[in-house]
Amino acid sequence: MADVKEEKIIKTYCRFCHATCPMEISVKDNKVTGLRPDTDNEVFGGYTCLKGRQMPEQLYHPSRIQASLRKNDDGSRTEISTSQALDEIAEKLAEIREKYGPRSIGSYNGTVSFQNSATHPVAKAWHTALESPSYYTSITIDQPAKVGIGQARMGFWLGGNHTWRDSDVALIIGNNTLVSHFSIPGGIPSFSPSNALREGKKRGLKIISVDPRRSEVAARSDIHLQIKPGQDAVLLAGLVHIILNENLHDEEFCAENIENLDALKHSIRKFTPDYVAERTDLAEEDILAAARMFAAGPRGSATTGTGPEMGPYPNLVQHLTQTLNAICGRHYRAGEKLPNPGVLSPPMPRLAQAVPPQPEWLTGIRSRVSDDIGEVTVLTANGPLKEMPTAICADEILMEGEGQIKALICVGGNPLLAWPGQEKAFKALKNLELLVCIDYKMSATAELADYVIGSKLCLERDDLTVLTDIWYEQPYSHYAKTVVEAEGDVIEEWALFWELGKRLGLQLEVGGQPLDMEKLPSKYSILEKMTAGSRVPLKEIYEKDGGHVFDVPEVVILPPDPASKGMLDLFPEGLEEELENAARDADSSFAAKGEYQFLLISRRMKNTFNSTGPELSFLAKKGTTNPAYIHPDDLDALDIKDGEIVAIKSERGEIPAVAQGSPDIKRGVVSMAHCWGPAPDGCGDDKVREIGANTNRLINNLDKPEKYSGMAQQSAVAVQVRKLTSA
Ligand SMILES: Nc1nc2c(c(=O)[nH]1)N[C@H]1C(S)=C(S)[C@@H](COP(=O)(O)OP(=O)(O)OC[C@H]3O[C@@H](n4cnc5c(=O)[nH]c(N)nc54)[C@H](O)[C@@H]3O)O[C@H]1N2
Ligand SMILES: Nc1nc2c(c(=O)[nH]1)N[C@H]1C(S)=C(S)[C@@H](COP(=O)(O)OP(=O)(O)OC[C@H]3O[C@@H](n4cnc5c(=O)[nH]c(N)nc54)[C@H](O)[C@@H]3O)O[C@H]1N2
Ligand code: SF4
Ligand SMILES: [Mo]
């Protein structure tokens, strides 16, 4: 494929973010010469964004890491061959394993690790062979309640929830897919979201959006509940209360499939519309209208994004969101067709019944920080997967004693900017005996690493749409073949684990089958093991030029099997206390107070992907900082002008930020993106206009760790805004 003399057009998909937009790349002499959307694609309709169109610049960027780097004792770096770096790293890992045991070796697999379709099965295989449970990913600082804890506590519906294309209504809580290109089925599809939104509105789908900001999605909603940050649990309890009180729920579905409805009803009696209106700073009639609109359906799901999951009580918020779906019966029933049962997994019967709660998903290996926090099982395209909670990884590195993490392999992630509690993350990363990063640029974390391994970029590798397989609304799949061969001494993320496994004498297994540990297996062979028995054979997907909707047999939901049928538990252990705390906290700690008159919330920015992108020219033209977006009236009241530098201070820390008036923000709220800024060593604060500021410096991860996941509160953080200097 590579090394063509004549210009050739090769179809592929973008992996800058998770949206898998199909593209056509022009290639000549193994060089990318052009890039355009693949307008033939039947699902995306030629959709791409500015980030994806920057891939050629990213590929040939002068700052790209083209070999491996070793840090010397004096802090300087020496370029060495990747194979030598791997030899040295493996030797050090063997020493660490010998001295401290396998748990002391950890890996953190960040957001971009998921874009390489083979990373996780091989990384997990490496941990299994090494007998180290210290496997961390960005999922447990993202939405672990949505993709694991919620299902473990309540159970879930084997037939799936209503997806967007079958919905009459969508309740979207803190999820801005028009910018993030990210939602689970039921929300606006991640793939060409503006087209999906247009299509939905045209057929009369109603949108209710809950967001303290009039986000891109909120602005297109039928009802926008501009909620006070952090009050989602209170609002959702209120919506459940209204629906049950007005008898708008699906009584027949509830009688057959859910248990403990009365207990739930009793314990949310306090959440009356007037109480909820006061707590959430919303109008009572809007709350009533939203509850009635959702309940009227008749089809459509409630879904959440990162907004509420970063806020207080994510487990409760998730439980109440699923409760809305359960009491309104927003699940596919016997005789209905499932829009996309997945292309890459084996066929399995889909029954109209609940899978009961899975308590063992929450009772794996315990963290050393607290018995309440430990391994969490998350549902991935490769099935349920156990991981340790990233929110407290820094503590596992710093806390002395057996099991202390001494070596960390960081894959496509930037923990120094992303982990809650930046001061602690900084201390922890520096405390390691070995930090290895695989990245394409010197990220803030790579700057601290003992070894940096240069990574291939997506156009230099094969990939398959495994991550997104069940998020498409049709049986769609895309095998992307290598577009250009990498010219540097760079490797893929999964190959890093394989190479280290080989050097440590480990035997890795994927999909229950051993990998050849003598010669690096082909990516295709790994993907084949991952997708063994899939509904569409890998070869068939490989042979298609570009992404394709496959003509697979329809999956019709079967009637329930009385022998295996479970019930959804609406009142699991701990819920009563969570509801009481949410009500109490609404009165006190999560409200802005004293000198901290603002609430800081999280957001995504259109032209960057977490910390990836600001170095690219077109994206940099759109801004090189993460502004503090604040309502213009709030800025006026503080005599702050657009573009001035302000201090954002919490009880835990202070950062500078560039103020930006924005009428879409609720009064009393500061909206700022994460994963920007320097290390917290005081050296980079004067560069806030060039590199932004890090909101995780305003947080202590152990202030109020969520049960099971240890998720820290990273949204609805009480802060002070103060004028610093003139622009
Ligand atoms: N362009 C771009 N795309 C991205 C990313 C990026 O950095 N840039 N990041 C990627 C990642 S890692 C992820 S996980 C996904 C996330 O995808 P989303 O979950 O859609 O993330 P956001 O776009 O930040 O949308 C979250 C919304 O929640 C709102 N919010 C904040 N606090 C609260 C609250 O307390 N309650 C409620 N109800 N809402 C609140 C915010 O105002 C915001 O509009 O996006 C991915 N896509
Ligand atoms: N305060 C606050 N904190 C948050 C959040 C929030 O909303 N608020 N959101 C959380 C969420 S949802 C997430 S997912 C995390 C994100 O946390 P991380 O995943 O740790 O952070 P990223 O910035 O996405 O790190 C991606 C890294 O991969 C590198 N990279 C880019 N392309 C490639 C590639 O092809 N190969 C390799 N090997 N590397 C590559 C980039 O240079 C960058 O260093 O942050 C979390 N932290
Ligand atoms: S939305 Fe943009 S960054 Fe994401 S896959 Fe599509 S083109 Fe790439
Ligand atoms: Mo994320």
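Residues numbered from 1 in each chain as written. Chains lettered and ligands numbered in written order. Predicted model: local features only at pLDDT ≥ 70, side-chain atom pairs only at ≥ 80, totals over all residues. Heavy atoms only, no water.

Undergrad: What is the right way to read the site of ligand 2 from this model?
TA: For ligand 2, the set of nearby residues contains 32 residues, the closest of which are Tyr-108, Thr-111, Asp-439, Glu-493 and Ser-611. Side-chain polar atom of Thr-111 to an oxygen atom of ligand 2: 2.4 Å apart, as the coordinates give it. Expressed as a share of its isolated accessible area of 930 Å², the protein-covered part of ligand 2 is 98%. Across the shell around ligand 2, the residue classes tally to nine nonpolar, 16 polar and seven charged. Each of domain 2 (68-143 + 358-549) and domain 4 (593-725) accounts for three or more of the residues forming the shell around ligand 2. (Near = heavy atom within 4 Å. Polar contact = N/O pair within 3.5 Å; in protein donor to acceptor, adjacent residues only side chain to side chain. Areas by Shrake-Rupley, 256 points an atom, 1.4 Å probe, with all protein chains shown as cover. Nonpolar A, V, L, I, M, F, W, Y, C, P; charged D, E, K, R; others polar. Domains from an automatic or database assignment.)

Undergrad: Even after reading the chapter, I still don't get the pairing of strand S3 (residues 31-37), so can you show me in this structure?
TA: Look at any regular strand and the pattern is simple: side chains alternate between the two faces of the sheet. In this sheet, S3 lies alongside strand S2 (residues 22-28) in antiparallel orientation, the contact comprising six bridges. Note on S3: the bridge partner recorded for Lys-28 is Lys-31. In textbook terms, the turn of a hairpin is the stretch between consecutive antiparallel strands, and for S2 and S3 this stretch comprises two residues, one of which, Asp-29, has a positive phi near 50 degrees. (Pairing = 2+ DSSP bridges. Helix = DSSP H or I, 4+ residues; strand = E, 2+ residues; numbered from the N terminus.)

Undergrad: How should the nonpolar core be read in this particular structure?
TA: Nonpolar side chains in soluble globular proteins generally cluster together in the buried interior. Counting 60 residues, the largest nonpolar core has Leu-93, Trp-126, Leu-500 and Leu-508 as the members making the most contacts within it. With residues up to four places along the chain from it excluded, the contact list for Leu-500 reads Leu-86, Ile-89, Ala-90, Leu-93, Trp-126 and Ile-409. Ile-243, Ile-258, Ala-302 and Leu-570 belong to the second-largest nonpolar core, a separate cluster that totals 59 residues. (Core = buried A, V, L, I, M, F, W, Y, C linked by side-chain atoms within 4.5 Å. Buried < 20%, exposed > 50% of the residue type's maximum accessible area, 1.4 Å probe, protein only. Contact = heavy atoms within 4.5 Å.)

Undergrad: Before we go on, may I ask you to explain the environment of Lys-146 in this structure?
TA: You can see Lys-146 is positioned in helix H4 (residues 144-154). You can call Lys-146 buried: its relative accessible area is 6%. Between the alpha carbons of Lys-146 and Phe-182 there is a distance of 13 Å; along the sequence they are 36 residues apart. Sequence-distant contacts of Lys-146, defined by excluding residues within four places in its chain, comprise Gln-151, Ile-184, Thr-304, Gly-305, Glu-309 and Gln-318. Within polar-contact distance, the side chain of Lys-146 engages the backbone oxygen of Thr-304 at 2.7 Å.

Undergrad: What is the right way to read the sheet that holds strand S6 (residues 105-109) from this model?
TA: Adjacent strands of a sheet form backbone hydrogen bonds with each other and so pair up, either parallel or antiparallel. Strands sit in the order S5-S4-S19-S18-S17-S6-S7 across an open sheet of seven strands; the sheet is mixed. The sheet is open, and its two borders are formed by strand S5 (77-80) and strand S7 (135-137), each paired with just one other strand. Neighbour-to-neighbour, the strand axes of the sheet open up by a mean angle of 15 degrees, direction not taken into account. In terms of strand pairing, S6 meets strand S17 (residues 407-411) through five bridges, oriented parallel. Residue pairing across strands places Tyr-108 opposite Cys-410, the latter belonging to S17. Strands strand S4 (68-71), S5, S6, S17, strand S18 (434-439) and strand S19 (451-454) of the sheet are contacted by helix H2 (residues 82-100), whose axis makes an angle of about 135 degrees with S19. In the packing of helix H3 (residues 119-130) onto the sheet, contacts are made with S6, S7 and S17, and the angle to S6 comes to roughly 170 degrees. (Axes fitted to C-alpha atoms, helices over the stretch in contact; angles between N-to-C directions.)

Undergrad: Please explain the sheet that holds strand S10 (residues 206-210) as it appears in this structure.
TA: Strand order in this open sheet of four strands is S11-S10-S9-S13, and the pairing throughout is parallel. Two strands close off the open sheet at either side, each with one partner strand: strand S11 (223-225) and strand S13 (302-304). Strand-to-strand twist across the sheet, computed as the mean angle between neighbouring axes with direction ignored, equals 15 degrees. Sheet contacts for helix H7 (residues 232-245): strand S9 (169-173), S10 and S11; angle to S9, the most-contacted strand, approximately 155 degrees. Along the sheet, helix H13 (residues 314-327) makes contact with S9 and S13, crossing S13 at roughly 160 degrees.

Undergrad: Help me understand unusual backbone geometry, please; the structure alone is not making it clear to me.
TA: Residues other than glycine predominantly adopt negative phi, and peptide bonds predominantly adopt the trans conformation. Looking along the chain, the bond that leaves Gly-297 and enters Pro-298 is cis, with omega of 5 degrees. Take Pro-298: it is sitting in the loop between helix H11 (284-296) and S13. Of note in this structure, Asp-29 is not a glycine but carries a positive phi near 50 degrees. Mapped onto the secondary structure, Asp-29 falls in the loop between S2 and S3. In this model, Ser-192 sits at a positive phi of 55 degrees, which is unusual for a non-glycine residue. Within the fold, Ser-192 resides in the loop between helix H5 (177-180) and helix H6 (193-202).

Undergrad: Help me out: how do you make sense of the site of ligand 3 in this one?
TA: As a structural note, the neighbourhood of ligand 3 is formed by Cys-14, Phe-16, Cys-17, Ala-19, Thr-20, Cys-21, Met-23, Thr-48, Cys-49, Lys-51, Gly-52 and His-181. Class assignment of the residues belonging to the shell around ligand 3 gives a composition of seven nonpolar, four polar and one charged.

Undergrad: Help me out: how do you make sense of the UniProt feature "domain: 4Fe-4S Mo/W bis-MGD-type" (unreviewed entry) in the chain in this one?
TA: The sites that carry the UniProt feature "domain: 4Fe-4S Mo/W bis-MGD-type" (unreviewed entry) are, in the present numbering, residues 7-63. In residues 7-63, helix accounts for 9% and strand for 35%; the two terminal C-alpha atoms are 27 Å from one another. (UniProt positions renumbered as here; feature names shortened; annotations may be inferred.)

Undergrad: Would you mind going over H4 with me for this structure?
TA: Residues lying three or four places apart along an α-helix face the same way, a consequence of the helix completing one turn every 3.6 residues. With ten of its eleven residues buried, H4 lies for the most part within the structure. Here H4 has its buried residues at Pro-144, Ala-145, Lys-146, Gly-148, Ile-149, Gly-150, Gln-151, Ala-152, Arg-153 and Met-154. Gly-155, located one to two residues past H4, shows a positive phi value of around 90 degrees.

Undergrad: Is there a simple way to think about the environment of Arg-667 in this case?
TA: The topology assignment puts Arg-667 in the loop between strand S30 (654-661) and strand S31 (669-673). Sequence separation between Arg-667 and Asp-633 is 34 residues; the distance between their C-alpha atoms is 7.7 Å. Apart from the residues within four sequence positions on either side, Arg-667 is in contact with His-631, Asp-633 and Asp-634. Side-chain polar atoms of Arg-667 contact the side chain of Asp-634, separated by 2.6 Å.

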